[in-house]
Every structure is written in structure tokens, then in C-alpha cells.
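Secondary and tertiary structure notes
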Amino acid sequence: MVLGVSGGIAAYKALDLCRRLGDLGAIVSPVLTPDALRFVGALSFSALAAQPALTSMWDGPVSPHTTLGQGADLVIVAPATARTIAAYTHGLADDVLINTLLATRAPVVVCPAMHTEMWEHPSTQDNLEVLRGRGVTVVDPGVGYLASGDQGAGRLADTAAIVVAAESILGSVRDMTGLRVLVTAGGTREAIDPVRFIGNRSSGKQGFAFVDECAGRGAVVTVVTTVNRPVPAGVTVVTVESAAQMEATVADHCGAAHIIVMAAAVADFRPVHAAAAKIKKDPSTTDAPTITLERTPDILAGLGAAKPVGQILIGFAAETGDVAHYAQDKLARKGADMIVANDVSLPGRGFDTETNEVIIFTSSGGVHHVELSDKRAVARAVINLALAAIGTDIERTVARRHGG
Ligand code: CTP
């Protein structure tokens, strides 16, 4: 794990963070910017981390920044100054820390700390929005004493909150303990006869990424699915085939759920009648049979219409253009709290891919872009928003841990 420290007064708090991360068993490699060295000494970090602190691109072996970045399982930047955030956002690799950040594919946690005016400045906020969109976790600063006797927003988040964020990403935090999550996954199959069906290209991968993410964070998860996939221990799997079966099963489980993730690609139309026996070709004619279709129940809209207070309902919009318009329409029409929208006509986004790029529209007017990332990262971004909405965000987890 890399702990990046940039030049702000909160750099002294990074020493405590370094110790706490070490206590958890992390092998911490400190990376200090030249400005951080104006506030704290490299020797202190080297002593606490039991790893030499890296302070320059030009000391020691060639390419230490790429070696560190490539080998890291997580990079935490605490404190992250406005300059470091801007340089990271724009790829300005002018110090050892930004080089390390650009050389890593590991998850990154950025913990801003700066004066209130700088924190609230649109350029800082815009940069952080871009980073969030790239899957970076931002642990927002708190309110309190800043440098030079100032007070306000911009104080480095508590060490405990940063540790929780790190643990969450490394999979050891269970901040969804006590929450029940219902996920639907895969495409429904609408029978034409016993051997044929109307289906779609959904693989269920995005839905199961939600199952893994929520179960990994301690939630009690039920997945109603049309596809078979391995799930973490403790997850309840109910296999269904058609939209009607999915609707009935969801109805059985929805009341108890704190969060419902309607990731399934539910067929919009089904044959009015499914033949009881295989439909045979009629040898006396070259005509093909006509299949009359009817609408299926809209499960998401049904859930939205009867949503208990406090339940978070998440729908999806797989579109082939005009994504924002259709997503906003579904948000309103189906009574969802969030619509996760993507353009499935673009490569690497949507059906049967390992990756996705989405825009999350919330009923409170929020629009959050998640850049092309693996489906687990998309699930994490959506769940983080859901948790913030129901008030079990990281700060509250910390409070719970400390008896608050
Ligand atoms: N959905 C549902 N029941 C249906 C159809 C869709 O619950 N019969 C849910 C999906 O699980 C998804 C959301 O509604 O979360 C949007 O699905 P989509 O197929 O994109 O929307 P439609 O309602 O089918 O709208 P349109 O045909 O206009 O695209």
C-alpha cells in the first residue's frame, strides 16, 4: 500500500495514519512530495512504516515511482492538497507522488485537506468530480480548525474514516452489516413453447457485481436471477425464468429490503400464449406461425409505486442513444431513487462485458458519471451513493464503531 503525503499542515496527521495502517497489517510505502517535507520529516515515516519513504524520483534505483505504483494494492493520498488534486486530475507528473499515482492501476483514495475557500473553489470541486468519475474514492474533509487559526470546512478527515475507506476497498470493512439488499440479475426468458423463448443479451454480470459488493460489505443479500453464477457464502439465490416469476419472487422479498437493485433485463413483451408442446413446422405450407405478444408487468414501476419510506430503489436504463433523456424519464416514470444508465451500443459498455461506463441519475437531481471501469467498481459507486442516501455513510460507520 502506498501512502502519499502532500504539502499541507495536516501532513503531521499522516504519521498517525501511517501507524494505524501498519497496525492493520498493511505494508505501507510512504511517498512524500517536496512540499510535504517542509512540514514533516521522511525519517519519521520511514521509521513508522518500516519502509524507506520515497521523496524524489532521483534517489535510489531507476523508476521507483513506477515500481511502487505497479506493486501497490491501494494508494492513499492524505493529505491531498488542491495542487496535488489538480496535478493528479490533469496528469501533471511533476513530482514523485503524481508519478506514482499515474503509474498505478490500484484503487486510489484521495483525502483532501486545505483552507475552506480552496476546498469550495469550483476548480477543486470540478477536479474531484472528475476523479470520482474515474473511480477514485474521495474521503471528504471535515469542519474544524485549519492552519493559521482559521476554522471551517477543509480539515483532513479523521484517521478512522480514512482507515474505514481503505478497509472498504480492500474488502475487509463490513459497513453494510444489518442492511438487506435485493438484487435482480440476468435477462428473463419468455416461453414460446417448451424449447423456445424470447430472451435478451444480458449476462447478469453487472447484477452479480452488486451481489459481490454488497455481500462483501456485510449486507444480507438475496439475488433473484435467471443465470447461474457463483455467489459469496450466505447469499440467497432464487432462480427464475420469466418476468412473471421474477415479479412474484421480488414481491415476496421486497418488503424487507433496504436497497433494491433492479439490474435484471426484464423482457418488455412476452407471447400471449406459450404452446404446451413444441411448435412443429407444418409440412403443407412454407408459412411461419405468428406469435402475438403482450406487455410484461413493469416490476420496477410496481416497486416504485409501493415503495416503503426509506427504501432505496435502483433501476437501470440500457439505451442505444439519448441516454440522459431516457434515464430521466425512467427515474420519474418508475418512481426510482436512482437510474444507472449506460449506452450499450458503445464497446465495453453493457451486455456481456467485464466493464461498464454509466451515468447515475438520482431523484434529488444528482448526476454522477462513472468512467469506463470494471462492473464491481460501478457497483461500488452506486452503492456508495445509496448508502449516503440512507445515512450509513463512512462517517456513520466510524461513529457506530466508536459507539456513536
Ligand atoms: N424493468 C422492469 N420490468 C420490466 C421492464 C424493465 O422492472 N418489464 C426494469 C429493469 O430491470 C430496469 C428498468 O426497468 O431496471 C429499465 O429497463 P428498460 O428495459 O431499460 O426500460 P423499459 O421500461 O423497458 O423502457 P423502454 O422500453 O422505454 O426502454
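A brief look at the structure comes next. Per-chain numbering applies: the sequence of each chain, read as written, is numbered from 1 onward. Where totals are concerned, whole chains, interfaces and linings use all residues; where local detail is concerned, this predicted model gives features only for residues with pLDDT of at least 70, and gives and counts side-chain atom pairs only at 80 or more. Only hydrogens and water are removed before side-chain values are computed, so all heavy atoms of the structure are retained for them.

Observations regarding the pairing of strand E18 (residues 355-362)
What counts here: For two strands to be treated as a pair, DSSP must find no fewer than two bridges joining them. For the purposes of this entry, the term helix denotes a DSSP run of H or I that reaches at least four residues, the term strand denotes a run of E that reaches at least two, and both are numbered from the N terminus.
As judged from the 4 bridges shared by strand E17 (residues 338-343) and E18, these two strands associate in the antiparallel manner. Directly across from Ala341, in E18, lies its bridge partner Ile359. Here E18 runs beside strand E19 (residues 367-374); their pairing, made up of 6 bridges, is antiparallel. Its bridge partner lying in E19, Thr355 is registered against Asp374.

Topic: the packing of helix H4 (residues 82-90) against helix H5 (residues 96-103)
We apply this condition: The axes are straight lines fitted to the C-alpha atoms, using for helices just the contacting stretch, and the angles between their N-to-C directions are given from 0 to 180°. Here is the rule for angles: anything less than 35 degrees is roughly parallel, anything more than 145 is roughly antiparallel, 65 through 115 is roughly perpendicular, and the remaining ranges are oblique. With the far helix as reference, a near helix turned anticlockwise by less than a right angle produces a left-handed crossing, and one turned clockwise produces a right-handed crossing. We call two residues in contact whenever any of their non-hydrogen atoms come within 4.5 Å of each other. Amino acid classes used here: Ala, Val, Leu, Ile, Met, Phe, Trp, Tyr, Cys and Pro are nonpolar; Asp, Glu, Lys and Arg are charged; the rest, including Gly, are polar.
Close contact between H4 and H5 brings their axes to 10 Å; oriented N to C, the two are set at 40°. Between H4 and H5, the crossing angle belongs to the class labelled oblique. Relative to H5, H4 is oriented so that their crossing is right-handed. Contacts between H4 and H5 involve Arg83, Thr84, Ala87 and Tyr88 from the former and Leu97, Ile98, Leu101 and Leu102 from the latter. Split by residue class, the contact of H4 with H5 holds 6 nonpolar, 1 polar and 1 charged.

What to know about the site of the ligand
What counts here: Any residue with a heavy atom lying within 4 Å of a molecule or strand is counted as near it. Any pair of N or O atoms that falls within 3.5 Å is considered a polar contact. Within protein, one atom must be able to donate a hydrogen and the other to accept it, and sequence-neighbouring residues count only if both atoms are side-chain atoms. All accessibility values rest on the Shrake-Rupley procedure with a 1.4 Å probe; residue burial counts only the protein chains present in the view. The rule is simple: put a 1 Å grid over the protein atoms alone, call a set of points where a 1.4 Å probe fits but cannot get out a cavity, call an open set with protein on both sides within 12 Å along at least five of seven lines a pocket, and count a residue as lining if it has an atom within 4 Å of a point. More than half of a molecule's atoms within 2 Å of the grid points is what it takes for that molecule to sit in a cavity or pocket.
Around the ligand, the surrounding shell holds 16 residues, and the nearest of these are Met262, Ala264, Leu300, Phe316 and Lys334. In the model, a nitrogen atom of the ligand is placed 3.3 Å from a nitrogen or oxygen of the Thr296 side chain. At a separation of 2.8 Å, an oxygen atom of the ligand approaches a polar backbone atom of Phe316. For the ligand, the protein covers 79% of the area, taking 570 Å² as the surface of the free molecule. At a threshold of 2 Å from the grid points, most atoms of the ligand map onto the second largest pocket. Among the elements that make up the shell around the ligand, the one with the highest residue count is strand E16 (residues 312-319) (4 residues). Grouping the amino acids of the shell around the ligand by side-chain chemistry returns 10 nonpolar, 2 polar and 4 charged.

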